[in-house]
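An overview of the molecular structure
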Amino acid sequence: MKRMVIGIAASVALGSAPWALGADDARTEARTCRQIAELAHKYDTGRTLPGNMAVEGQPCLRSEAADCMFGVLENVLAKCRAEGKDSLAPEERALILRLREELDAELESRHGYHTLREEVEAMLAKPDLYDYEYRLGMNGFVRGEGAGSFRLPEFGQAPGHAEGRFLYRVKPYLFWHPVAWLDLHAEGQGYGFSGGSQDYGKISLYQGFAEVLCPLRDGNSLKAGRQELVYGSSFMLGSDSFYKGLVYDAVRLRITHLTPLTVDIFGGWYASPWSDGTEGGLAGGYATWNISDGTGLEFYGFRDSGSTERHDGAHRNSFGFRATAKLGSASIEIEPVWQTGRLFNGGDANESIRAWGGHADIMIDTDLAGIGNHVFAGVAYGSGSRDAARGVSGRKEFLNQAIDSSITGDMNVVGDLSGLDIGDYHASGLQVYTLGWGIDLTGELSLTATGRYFLANYVPDGFSRRIGLETDFTLTYAVSDALSIIAGYDRFFTGRFFSDASGSNVDIHYGYLMFQFDLSHTKPKQARGR
């Protein structure tokens, strides 16, 4: 009898040992338990793990973890069915995939899992960046425009002068993805204008690059060839989209090892066909940290030696950061920038650049009687100096020559924040104050009205700092996904600086009617066989 009792006790003890547990009753790591518990709470599965396992970091039974994980998969599937596969964040998709693979054997034994397995695998599959094999098409715009007291080619004041022209930008393109890890992009461009005494036209390659996607890490890529370099709100790096564009013969490396941080490293030269005479190079880096939808931080620094007049050693370094935040119906953005480098002094040497600038903006979206309204306001600043206003030295002037933003207006009376030339006189450094309102009249028709007041930081002795007020009115009608019609009227109410510099205070007018189009044929990728 004694031997029997001892034998039974030994059997119980051995059966309680971890190595004697069934596969479904072995314990999983504490970190796995915590992650599954957090997902179960987020997706409200109604299945929870014991508190000491989910919170205190103690391991849990694999069977309990699998039960909880099954509930997570069911609710995530429901979310993707309702909102689409893209509603699942990449980092969360990767986490769920790892947990599912870790508990695959236990999940297989759960009733109902087999009927969901194929859909679960499709949901968690690594997304193909491109859902088509090739796309062939043509995009661009044609625009009729007219101006009063303004010369369009030079964007300069011309009291009493009126002119009109027809302007076009047509870009045939081919995007080809022969394999999942390769993107080939070819895009030509025809750009020109005609009207009155104006006649200009050019045809050349606009973009042509190959981008290799890293098969081992989502997001990592290497792009080489002629390409646009557009970042943030295009305050510092844009593509001149309203006119002929701006591209570089460059290489760009994208690194995404520290999700949600993305780092771009780039370097190249201005592509002469579309640089408007600017020659030189551009090299630097841009880091983007996406905190949540509409909220993020961006840091950048680059060296720009581009100029229409090249001088040895002359270059401009820009260092800045951009912060965006989404607070309910309000979107906030702030972007300060500091500049250093060397500037040719007009004689026989270069001098040190010390400049700064930036902008801050807010937009509020709201519905009134079921109609979407958008109110926005902003301020922008570019440093200047009294020496620059006197024509002595521009080393303290902030320059954002690659801007493709409406911060400085839609008319191009003011090109950038460095200042403004009227005749032989120069206003150095600008302040811009913006207030605007937009309304979605229908699902296809919208109206925007914007006012921008310009004030100079430094002007010649005896001159007024008041540059003027630009008002812009834009009506946009989306005919279809492939065609939009845009009509605009802008007026620049000239300030006293214009009359001081040119002897005329005549206002400047500009109006246009533009057709934007994107016509294409796409060959979808064939569904993968199982």
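Quick note: structure is the one above.
This write-up is about the structure you can find in this document. Source: prediction; values computed, not measured.

1. Quick look at the overall build of the chain
Of the regular secondary structure elements, the chain holds nine helices and 22 strands. Taken against the 2.2 N^0.38 rule, which gives 24 Å for 530 residues, the C-alpha radius of gyration of the chain at 30 Å runs more than 25% over that of a compact globule. A principal-axis box enclosing the C-alpha atoms of the chain has dimensions of 120 × 50 × 50 Å. At a minimum sequence separation of 6, the contacts of the chain that also span at least 24 residues come to 58%. Of the accessible surface of the chain, which amounts to about 26800 Å², a share of 57% is contributed by carbon and sulfur atoms. The average position of the 50 basic charges and that of the 67 acidic charges among the side chains of the chain differ by 5 Å.

2. Focus: the side chain of Glu-333
On the secondary structure map, Glu-333 appears in strand β13 (residues 330–344). A polar contact is formed between the side chain of Glu-333 and the side chain of Ser-233, at a distance of 3.0 Å.

3. What to know about helix α2 (residues 30–42)
Taking 1.5 Å per residue, 13 residues should reach 18 Å; α2 reaches 19 Å between its end C-alpha atoms and fits that length. Phi turns positive, to about 50°, at Asp-44, one or two residues after α2.

4. Points about the environment of Ala-210
Within the element layout of this structure, Ala-210 appears in strand β6 (residues 198–213). With a relative accessible area of 27%, Ala-210 lands in the partly exposed category. Sequence separation between Ala-210 and Thr-476 is 266 residues; the distance between their C-alpha atoms is 35 Å. Here Ala-210 is in contact with Asp-183, Leu-184, Leu-222, Lys-223 and Ala-224, once residues within four sequence places are set aside.

5. Here we look at helix α4 (residues 62–83)
With 22 residues, α4 should reach 32 Å at 1.5 Å per residue; the first-to-last C-alpha distance of 31 Å fits that figure. Positive backbone phi, approximately 95°, marks Gly-84, located one or two places after α4.

6. Brief notes about the side chain of Asn-457
By the secondary structure assignment, Asn-457 is in strand β19 (residues 445–458). A distance of 2.7 Å separates the side chain of Asn-457 from the side chain of Gln-431, its partner in a polar contact. Setting aside residues no more than four positions away along its own chain, Asn-457 makes contact with Tyr-381, Gly-382, Ser-383, Gly-384, Ser-428, Gly-429, Leu-430, Gln-431 and Arg-465.

7. Description of the pattern of salt bridges
This structure, assessed with the given rule, holds 20 salt bridges. Residue Glu-102 pairs with Arg-98 through a salt bridge whose shortest N-O separation is 3.5 Å. In this pair, Glu-102 and Arg-98 both sit in helix α5 (residues 90–102), four residues apart, roughly one turn of the helix. For Glu-102, a relative accessible area of 25% puts it in the partly exposed group. The partly exposed category is assigned to Arg-98, whose relative accessible area is 27%. For the salt bridge of Glu-145 with Arg-165, the shortest nitrogen-to-oxygen distance reads 2.5 Å. On the criterion of sequence distance, the pair formed by Glu-145 in strand β3 (residues 132–151) and Arg-165 in strand β4 (residues 156–176) is long-range, its members being 20 residues apart. The residues Glu-145 and Arg-165 share a single accessibility class, namely buried.

8. Some details on the pairing of strand β22 (residues 508–524)
Relative to β22, β3 is paired through 16 bridges, and the arrangement is antiparallel. Bridge pairing in β22 links Phe-141 to Gln-516.

9. Regarding the packing of aromatic side chains
Counted under the stated rule, the structure contains 22 aromatic pairs. Between Phe-242 and Tyr-243, the ring centres sit 5.3 Å apart and the planes meet at 85°, which makes this aromatic pair edge-to-face. Residue classification places Phe-242 among the partly exposed positions, given a relative accessible area of 25%. One aromatic cluster is present, formed by Phe-150, Phe-155, Phe-242, Tyr-243, Tyr-510 and Tyr-512 through successive ring pairs. Between Arg-143 and the ring centre of Phe-242, over which it is positioned, the NZ or CZ distance is 3.9 Å.

Analysis parameters
Residues numbered from 1 in each chain as written. Predicted model: local features only at pLDDT ≥ 70, side-chain atom pairs only at ≥ 80, totals over all residues. Heavy atoms only, no water. Helix = DSSP H or I, 4+ residues; strand = E, 2+ residues; numbered from the N terminus. Rg over C-alpha atoms; globule rule 2.2 N^0.38 Å. Contact = heavy atoms within 4.5 Å. Areas by Shrake-Rupley, 256 points an atom, 1.4 Å probe, with all protein chains shown as cover. Lys, Arg positive; Asp, Glu negative; His and termini not counted. Charge placed at Lys NZ, Arg CZ, Asp CG, Glu CD. Polar contact = N/O pair within 3.5 Å; in protein donor to acceptor, adjacent residues only side chain to side chain. Expected span 1.5 Å × (residues − 1). Buried < 20%, exposed > 50% of the residue type's maximum accessible area, 1.4 Å probe, protein only. Salt bridge = Lys/Arg side-chain N within 4 Å of Asp/Glu carboxyl O. Pairing = 2+ DSSP bridges. Phe/Tyr/Trp six-rings, centres within 6.5 Å; stacked < 30°, edge-to-face > 60°. Lys NZ or Arg CZ within 6 Å of the ring centre and 35° of its normal.

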